[in-house]
Amino acid sequence: MPEIRNFTLNFGPAHPAAHGVLRLVLEMDGEVIQRADPHVGLLHRGTEKLAESKPYNQSIGYMDRLDYVSMMCNEHGYVLALEKMLGIEAPIRAQYIRTMFDEITRILNHLLWIGAHALDVGAMTMFLYAFREREDLMDVYEAVSGARLHATYYRPGGVYRDLPDTMPLHEKSRWYSDADIERLNQTRSGSVLDFIEDFTNRFPGCVDEYETLLTDNRIWKQRLVDIGIVSPERALQLGLTGAMLRGSGIEWDLRKKQPYAMYDQVDFDIPVGVNGDSYDRYLVRIEEMRQSNKIIKQCVDWLRVNPGSVIHHDHKITPPNREAMKGDMEALIHHFKLATEGYCLPEGEAYAAIEHPKGEFGCYIVSDGANKPYRLKIRAPGFAHMSAMDELTKGHMLADVVTIIGTMDIVFGEVDR
Amino acid sequence: MSEALQKLDTHIADSLSSKIQESKIALNELTIEVLPENLIEVSTFLRDDAVCGFEQLMDVCGVDYLTYGESEWDTSGSSFARGVKREFSFDESEVNESDKEFEGKRFAVVIHLLSIKNNHRIRLKTYCEDNEFPVVDSVTEIWNSANWFEREAFDLFGIMFNGHPDLRRILTDYGFSGHPFRKDFPLIGQVEMRYDEEQKRVVYEPVSIEPRILVPRIIRDDQRFSAATEVEE
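Anyway, here's the lowdown on the structure attached to this text. Here the structure is a predicted model, which means the values were calculated and not measured.

## Here's the deal with helix 1 (residues 2–16) of chain B
Residue and element names in this part refer to chain B.
Then, in step 1: Given a rise of 1.5 Å per residue, 15 residues ought to cover 21 Å, and the 21 Å separating the end C-alpha atoms of helix 1 matches this to within 8%.
Then, in step 2: Taken residue by residue, helix 1 has Leu5, Leu8, Asp9, Ile12 and Leu16 as its buried positions. Seen end-on, helix 1 carries its buried residues on one side only, within an arc spanning 105°. Away from its buried face, by an angle of more than 90 degrees, helix 1 presents the exposed residues Glu3, Lys7 and Asp14.
Then, in step 3: In the core, the buried residues of helix 1 are packed alongside strand 1 (20–26), strand 2 (29–34), helix 2 (39–48) and strand 5 (120–127).

## So, the packing of helix 3 (residues 71–86) of chain A against helix 4 (residues 92–121) of chain A
Residues and elements named next belong to chain A.
Then, in step 1: Contact geometry of helix 3 with helix 4 gives a least axis separation of 7 Å together with a crossing angle of 145°. Between helix 3, through Met71, Met72, Cys73, His76, Val79, Leu80 and Glu83, and helix 4, the contact on the second element is made entirely by Arg98, Phe101, Asp102, Thr105 and Leu108.
Then, in step 2: By residue class, the composition of the contact of helix 3 with helix 4 is seven nonpolar, two polar and three charged.

## Overview of the sheet that holds strand 7 (residues 359–367) of chain A
Residue and element names in this part refer to chain A.
Then, in step 1: Pairing in this open sheet of three strands is antiparallel, and the strands run 6-7-8 from one edge to the other. A single partner strand is all that each edge strand has here, and the edge strands are strand 6 (348–356) and strand 8 (375–379). Going across the sheet, the axis of each strand differs from the next one's by a mean of 10°, ignoring polarity.
Then, in step 2: Sheet topology places strand 6 next to strand 7; nine bridges connect them, and they run antiparallel. Paired with Gly348 across the strands is Ser367, a residue of strand 7.

## Examining the sheet that holds strand 4 (residues 107–115) of chain B
All names here are of chain B.
Then, in step 1: In space, the five strands of this open sheet follow the order 1-2-5-4-3, with mixed pairing throughout. Since the sheet does not close on itself, it has two edges, and those belong to strand 1 and strand 3 (56–64), each with one partner. Across the sheet, the mean angle separating the axes of adjacent strands is 20° when strand polarity is ignored.
Then, in step 2: Sheet topology note: the strand 2/strand 5 ladder contains four bridges and is parallel. Of the residues in strand 5, the one forming a bridge with Thr31 is Arg123.
Then, in step 3: Each of strand 1, strand 2, strand 4 and strand 5 touches helix 2; the most contacted strand, strand 5, lies at about 175° to it.

Cut-off values and rules
- Residues numbered from 1 in each chain as written.
- Chains lettered and ligands numbered in written order.
- Predicted model: local features only at pLDDT ≥ 70, side-chain atom pairs only at ≥ 80, totals over all residues.
- Heavy atoms only, no water.
- Helix = DSSP H or I, 4+ residues; strand = E, 2+ residues; numbered from the N terminus.
- Expected span 1.5 Å × (residues − 1).
- Buried < 20%, exposed > 50% of the residue type's maximum accessible area, 1.4 Å probe, protein only.
- Arc of directions from axis to C-beta.
- Contact = heavy atoms within 4.5 Å.
- Axes fitted to C-alpha atoms, helices over the stretch in contact; angles between N-to-C directions.
- Nonpolar A, V, L, I, M, F, W, Y, C, P; charged D, E, K, R; others polar.
- Pairing = 2+ DSSP bridges.

Bear in mind that shape data such as this cannot, by itself, settle questions of function.
Structure follows, in structure tokens:
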């Protein structure tokens, strides 16, 4: 009987460690992976094609649904591309709000990443810890935009509205006693900024907790150290960005190198790895959370003392306020035109990129002068990372595939678009 | 920033003058246009030259210029007619007829490059010669990250990449036909899928919903923002 050596294994699309809908066809020699062929596209919704049939503003909501764990960062990439083509800039307060929310989003993303990554590798507690903090940040999302996940908060020319003065309070229900309610509402009595500041004060302690659980954990290190090593040269060749690139020792962060919003005004450091393995990328992301926290704090301090407009005043692009619409004919017409037709971008093309929690998120817009994009291309970091899957997993064991999917921080909303 | 781009532009023009069709700096971005036959040579130069140093490929993007500049609502006349396009067909031969009316080069491949060493970007654009069978050379050998991006452009636009190691569909379903991001592919798609109780399996049928447009595509003559962008340069 001939000896059968290679074995093909189907991993996913319903495997919990596949982070959604990844179908991975693995060619294995025993337990060692010879070739990995990711089949993506199970979540392809044609966002770019849909955007071609809608006025520019109506696609902002689609951006949230790309990488659905870092919603506002996606919006930021899109509105930056629009602003570049329109030749407008958001008011400075809006830029600070965006900076703050980008970092809140970064923490949200990294919290989900570390929770899911640790869960895949076998540490259940991390998931619960991470979601405890995520809950608070999602409350902030809810307070400013009304939605906990898909905020649609950014607009070309600013943000939808200024930060509210109150935080929504917990209400009494059969699940919470009066004492619970009082405890939960303790930090919510002030404005949104107060709540965020309170969060930034306790968050470093939370990160310490995560580190106590993982950084020196023997099992965690056995599963992560020396798994999925990428050399700096290969990282560049494979198009890796974000923490995947910095983990390999390349100091590249768009927030520092090609600053947008208010990143040139705030003080923060870029953590860089040494070995380019999964463990280094873990350390990089943990440090990024601490740095994000630092940025948020600076933004809160600035926003407290600098009131002002949060959206561009040109009503050909941004709607006038509700009150004006009721009394002023011109405001009414502006609103009508924006709602029925939108605004036209000048003919041309632009590419705007931001440092998304996962890497470089870019939007390339081709406009023929119409009120809808002629072509919108979204450069999602996860797509490039996923394409490196084959090279990263080659020669590793089956169990390491789970680690590598985790370390890449894959979300299929952006890979499949 | 703009000055540095100008310098880069002149450097590229000096080194590869005959290979560059056109170069343009707009909105602080440098775009160079090359013929498909020169793509590999220009790409290799851009990666290896010290002044350029584009070691990272960020994006490969297909563009279909079939309906470029077409609007659905006439703003010059006084007609109130709703200019919704309903003339699509499931019959492929009819679709191809509207294709033939198009003059010029229909498909473009746009490559975005980033130099980490020199901190600059460039956009490389190439138009495919043949509208029926668009082909360009693959840059996978030069930048490995192009692999999936080119597969995507093939899948969505039907642009063939010569020398690509594994040009398969990537985003669409197994057994999908057509290239969905082409402008003559309807937004609602060609087929819909349902579970058939009698046949006890999933069946595909032509779509039953009507295509509709909520907001017509309008091109305005007064480009109030184009002036602002020119001043910025």
